[in-house]
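In case you want the letters, here they are:
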Amino acid sequence: MMKTLSPDIVKTLPLFAGLPEQDKDILLKAGSTRHFARGEHLFLHGDSIAHFYIICRGTIQLFRENPDGHEKTIDVRIAGQTICKTEILGAALVHQVNAMATDDVVVLEFPMTWLMDNAKKNSVFALNLLSAISRYALEAEIEAEHLATMSATQLVACFLQRICILHDFNPAGFELPYSKTLIASRLGMELETFSRTLSKLKEQGITVKGTHVIIHDLGAIERYVCAHCSVAQDCQTHKILGEKPAVRKII
């Protein structure tokens, strides 16, 4: 079932951490609810930056197009995440990516000046923004390292673990929340390479049939993927999965 954020849940997002309830209410009053159907663009590469977004429902693909028309997915954002904070605070004038709804999407849309003005006036809000940008930069560094040091099979296994945490899925059985085409693009792979990689995962303790995924042995995945990652001990995905009850092995 698709996750939807109510106004009360929006207030619990990291962006508003540490703020009095009254301040949260004032901040959120400036937002307008917008709906986007599947395939509809929030904005296009080169458009003037005008808004900041909080995703309340659905999935948004951030991507660029090569001169030959091929898409490169930069990121996939889901309910609870935001769009445009880095571009706005970086003083960019136009969008550097396209943003498209991959299913029915609901966002809270704020004027660009809302983000900048509140960052100037409210030190707690500003620190939350800086923390979010810092996390994004660190994730980009880790991803670059993974692309340079891991095999395609390791990259996909790592991604499937992250999906479990992002969407609060049970590793013992879940449905892929995005299309295989989108996942392949996000991982920088051709769809054919991604499909071949899925068939190899069974050797590492993961079975994929259609869109259904079963992680049979978290310990095996840890040895195959996490043992080759320089930040495994600080990785939230690694820590949270390590705290889950052992997934049974299917022979």
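Refer to the structure above for everything that follows.
Quick caveat, the model's predicted, so the values are computed rather than measured.

(A) Focus on the nonpolar core. Grouped together as the largest cluster of nonpolar side chains are 37 residues, with contacts concentrated most on V10, F16, L42, I54, I60, I83 and F125. When residues of this core are traced back to their parent elements, those giving at least two are α2 (21-28), β2 (41-43), β3 (51-57), β4 (59-65), β7 (98-101), β8 (105-111), α4 (112-121) and α5 (123-149). Formed by 34 residues, the second largest nonpolar core is a distinct cluster that contains M150, A157, C164 and L201.

(B) Inspection of the layout of surface pockets at higher detail. Roughly 1800 Å³ of internal volume is contained in the largest pocket. Taken together, 50 residues line the largest pocket, and the ones lying closest to its centre are Q81, R135, E139, R162 and L166. Among the elements of the structure, β5 (71-78), α5, α6 (152-166) and α10 (236-243) are those that each provide at least two residues to the lining of the largest pocket. The biggest single contributor to the lining of the largest pocket is α5, with 12 residues. A class-by-class count of the residues in the lining of the largest pocket yields 30 nonpolar, 10 polar and 10 charged. Its volume calculated, the second largest pocket comes out at about 470 Å³. In this structure, the second largest pocket is lined by 23 residues; those nearest its centre are Q61, E71, T181, L182 and S185. Elements that contribute at least two residues to the lining of the second largest pocket include exactly β4, β5, β7 and α7 (180-186). The dominant element in the lining of the second largest pocket, judged by the number of residues it contributes, is α7, at 4 residues.

(C) Broad picture of the packing of aromatic side chains. Overall, the coordinates contain 7 aromatic pairs when judged by the stated rule. Each ring, one from F110 and one from W114, has its centre 4.0 Å from the other, and the planes form 25 degrees; the classification is stacked. Given the relative accessible area of 0%, F110 is considered buried. Its relative accessible area of 7% is what places W114 among the buried residues. When the centroid spacing of 5.6 Å and the interplanar angle of 80 degrees are considered together, the rings of W114 and F125 count as edge-to-face. Of the two residues, W114 is situated in helix α4 and F125 in helix α5; the sequence distance between them amounts to 11 residues. One aromatic cluster in this structure is built from F16, F52, F110, W114 and F125.

What counts and what doesn't
- Residues numbered from 1 in each chain as written.
- Predicted model: local features only at pLDDT ≥ 70, side-chain atom pairs only at ≥ 80, totals over all residues.
- Heavy atoms only, no water.
- Core = buried A, V, L, I, M, F, W, Y, C linked by side-chain atoms within 4.5 Å.
- Buried < 20%, exposed > 50% of the residue type's maximum accessible area, 1.4 Å probe, protein only.
- Helix = DSSP H or I, 4+ residues; strand = E, 2+ residues; numbered from the N terminus.
- 1 Å grid on protein atoms, 1.4 Å probe; cavity = no way out; pocket = protein on both sides within 12 Å on 5 of 7 lines; lining within 4 Å.
- Points joined across faces, edges and corners; volume = space filled by probe spheres on them.
- Nonpolar A, V, L, I, M, F, W, Y, C, P; charged D, E, K, R; others polar.
- Phe/Tyr/Trp six-rings, centres within 6.5 Å; stacked < 30°, edge-to-face > 60°.

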